[in-house]
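Inside the fold
Okay, here's what each chain looks like letter by letter:
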Amino acid sequence: MSGKKKVILDVDTGVDDALGILLATHSEDLDILGITTVSGNVPLQMATRNTLKVLQLVGKENAISVYPGAYAPLIREPVYEYRVHGDDGMGGALSDMIVTAEPAKQRAAAFIVDQVNRYPNEVTLIMTAPLTNLAEAMRLDPLLNQKVGRIVSMGGAVKEARGNITPEAEFNIYADPEAARKVYHSGMKLTMVGLDVTEKALLREKDIDRLKGTAYYDFVQTVTRDYLAFSERGTGVRACAMHDPLAVAVAVRSDLVRTEKHYVDVETSSTLCDGQTVCDFKGRFGKKPNVDVALEVDAGRFIELFLSTLRKSETTRL
Ligand code: BDR
Ligand code: CA
């Protein structure tokens, strides 16, 4: 027994997914069983290719396999988010890299089912993309919900935060609300790391500067360049919301966020509010709470964890 937490990352790489992968692959507390990819920020093939590139950057392209998953949401057409992530999903970073590793032959949903059955109640699924792959895995194995250890899902907005793709919906949930609904109602232990906390977990240029001298400084600087500009135009603050890295960090250190247990449902049939995560704070529906909702974050400690994990790994490598 390694004592490390067994995890599968599910990504749509994506700028902040890339930073999440950097954090996860350097965390001493995580044993990454594999990375699954899905249509989301960018089409599936691009997300898979970007993931392979990030793994190659960290020297793990032969150690961690990448399992391509859904080409499209369960029943809807794909929605992409090039405005934030750039034409190639990574703001032009690693554009010259020649990918050496191939994606795995096994599909994402089948891989999730295999691993969860191999390690019942031990696997944490860190979901930083639309939840299509997990919903498909639940279709393959109807008893999956009894065997998943925990889900940490980046998605949704419930309290002060509003939507980032429509007025009320967060991107990952909006892109496949039917999948999200299925996962939220699955009975699995689910921690929701939504915009209420991720929009407070900000990486600024002065933070990025602290990576100078490490192998990742150039990459982090390049991958965040357009994202910083986009955020500044939208919010007036020149900083990257670390949505996906925060979800990874919460899988490692739950106490980075304060959570409350509530009943949360996903709107799937509204012209204006599709993809909205509705949190029943006052128990109006009288339903059993199903989600640990993150409402506050120790952003300073999170950014410190992110930077120190990358810096430490570099010292170890040197
Ligand atoms: C989420 O949507 C994607 O654009 C990001 O990668 C993140 O997972 C934020 O709403
Ligand atoms: Ca993502």
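Residues numbered from 1 in each chain as written. Chains lettered and ligands numbered in written order. Predicted model: local features only at pLDDT ≥ 70, side-chain atom pairs only at ≥ 80, totals over all residues. Heavy atoms only, no water.

Details of the packing of helix α4 (residues 108-118) against helix α5 (residues 132-140)
For clarity, the threshold we go by: Axes here refer to lines fitted to C-alpha atoms; in helices the fit is confined to the stretch in contact. Angles between the N-to-C directions go from 0 to 180 degrees. Starting at the N terminus, helices and strands are each numbered in turn, a helix being any DSSP run of H or I of at least four residues and a strand any DSSP run of E of at least two. Left-handed describes a crossing whose near helix is turned anticlockwise from the far helix through less than a right angle; right-handed describes the clockwise counterpart. Whether two residues are in contact is decided by their heavy atoms: any pair within 4.5 Å suffices. Note that Gly is not counted as nonpolar here; it falls among the polar residues with everything else outside the nonpolar set of Ala, Val, Leu, Ile, Met, Phe, Trp, Tyr, Cys and Pro and the charged set of Asp, Glu, Lys and Arg.
Between α4 and α5, the least distance of the axes is 8 Å, while the angle of their chain directions is 60°. The chirality of how α4 crosses α5 is right-handed. Contacts between α4 and α5 pair A108, A109, A110, I112 and V113 from the former with N133, E136, A137 and L140 from the latter. Partitioning the contact of α4 with α5 into residue classes produces seven nonpolar, one polar and one charged.

Here we look at the pattern of salt bridges
We apply this condition: Salt bridges, as used here, are contacts in which a Lys or Arg side-chain nitrogen is within 4 Å of a carboxyl oxygen on Asp or Glu. For every residue, the accessible area obtained with a 1.4 Å probe (protein chains only) is divided by the maximum for its type, and the residue is called buried under 20%, exposed over 50%, and partly exposed between those limits.
On inspection of all chains with the given rule, the structure shows 16 salt bridges. Among the salt bridges present, the one from D141 reaches K147, with a minimum N-O distance of 2.8 Å. The burial state of D141 is the same as that of K147; both residues are buried. Across the salt bridge formed by R238 and E232, the nearest N and O atoms sit 2.8 Å from each other. Residue class for R238 comes out partly exposed when judged on its relative accessible area of 31%.

Notes on the coordination of the calcium ion (ligand 2)
Rule in force here: Only nitrogen, oxygen and sulfur atoms count as donors, using a 2.8 Å cut-off from the metal that widens to 3.2 Å for Na, K and Ca. Water is left out, so coordination shells may look unfilled.
Protein coordination at the calcium ion (ligand 2) comes from D12 (OD), D17 (OD), D17 (OD), T128 (O) and D244 (OD), with a distance range of 2.3 to 2.5 Å. Counting residues between consecutive donors of the calcium ion (ligand 2) along the chain gives the motif D-x4-D-x110-T-x115-D.

Some words on the site of ligand 1
Convention followed: In this text, near means that some heavy atom of the residue lies within 4 Å of the molecule or strand in question. Two N or O atoms form a polar contact when they lie within 3.5 Å of each other; inside protein one atom must be a possible hydrogen donor and the other a possible acceptor, and for residues adjacent in sequence the pair counts only when both atoms belong to side chains.
Around ligand 1 sit D16, D17, N41, H85, T128, M154, N164, E170, F171, N172, H243 and D244, and that is every residue in its neighbourhood. With respect to ligand 1, the side chain of N164 contributes an N or O atom lying 2.8 Å from an oxygen atom. N172 places a polar side-chain atom, nitrogen or oxygen, 3.0 Å from an oxygen atom of ligand 1. Those elements that provide at least two residues to the shell around ligand 1 are α1 (15-26), α6 (171-175) and α11 (243-252). Residue composition of the shell around ligand 1, by class: two nonpolar, six polar and four charged.

Observations regarding the side chain of H85
One can find H85 in helix α3 (residues 82-85). Polar contacts involving the side chain of H85 include one to the side chain of N41, which spans 3.1 Å. Discounting chain neighbours no more than four positions away, the residues touching H85 are G14, V15, D16, N41, M90 and G91.

Re the environment of V250
Relative to the helices and strands, V250 resides in helix α11. Along the backbone, V250 and V297 are 47 residues apart, and their C-alpha atoms lie at a distance of 9.8 Å. Setting aside chain neighbours within four positions, we find V250 in contact with R150, V152, T191, V193 and V257.

What about α4?
Within α4 the residues assigned to the buried category are A108, A109, F111, I112, V113, Q115 and V116. On the buried face of α4, the contacting elements are β1 (5-11), β2 (30-37), β3 (66-68), β4 (124-127) and α5.

Considerations on the environment of D218
Among the structural elements, D218 can be located in helix α10 (residues 217-235). Remark: the alpha-carbon pair of D218 and L94, spanning 124 residues in sequence, is separated by 9.9 Å.

Thoughts on the packing of aromatic side chains
Where we set the bar: Each Phe, Tyr or Trp ring (for Trp, its six-membered ring) is paired with any other whose centre lies within 6.5 Å, and the angle between the two planes then decides the class: stacked below 30 degrees, edge-to-face above 60, tilted in between.
Scanning the entire structure with this criterion turns up three aromatic pairs. Consider the rings of Y80 and Y82, whose centres lie 5.8 Å apart with planes at 55°: the pair is tilted. Taking relative accessible area as the criterion, Y82 reaches 31% and is therefore assigned partly exposed. Ring geometry for Y263 versus F285: centroids 6.1 Å apart, planes at 90°, classification edge-to-face.

Remarks on the sheet that holds β4
Operational definition: In this description, strands pair whenever DSSP reports at least two bridges between them.
Read across the open sheet, the eight strands follow the order β3-β2-β1-β4-β5-β6-β12-β9; overall the sheet is mixed. Single-partner strands in this sheet number two, and they are β3 and β9 (257-262). Geometrically, the sheet is characterised by an average inter-axis angle of 25° between neighbouring strands, direction not taken into account. Where β4 lies against strand β5 (residues 150-154), four bridges are found, and the strand directions are parallel. Opposite T124, over in β5, you have R150 as the bridge partner. Seen against the sheet, α4 touches β1, β2, β3 and β4 and runs at an angle of roughly 155° to β2.

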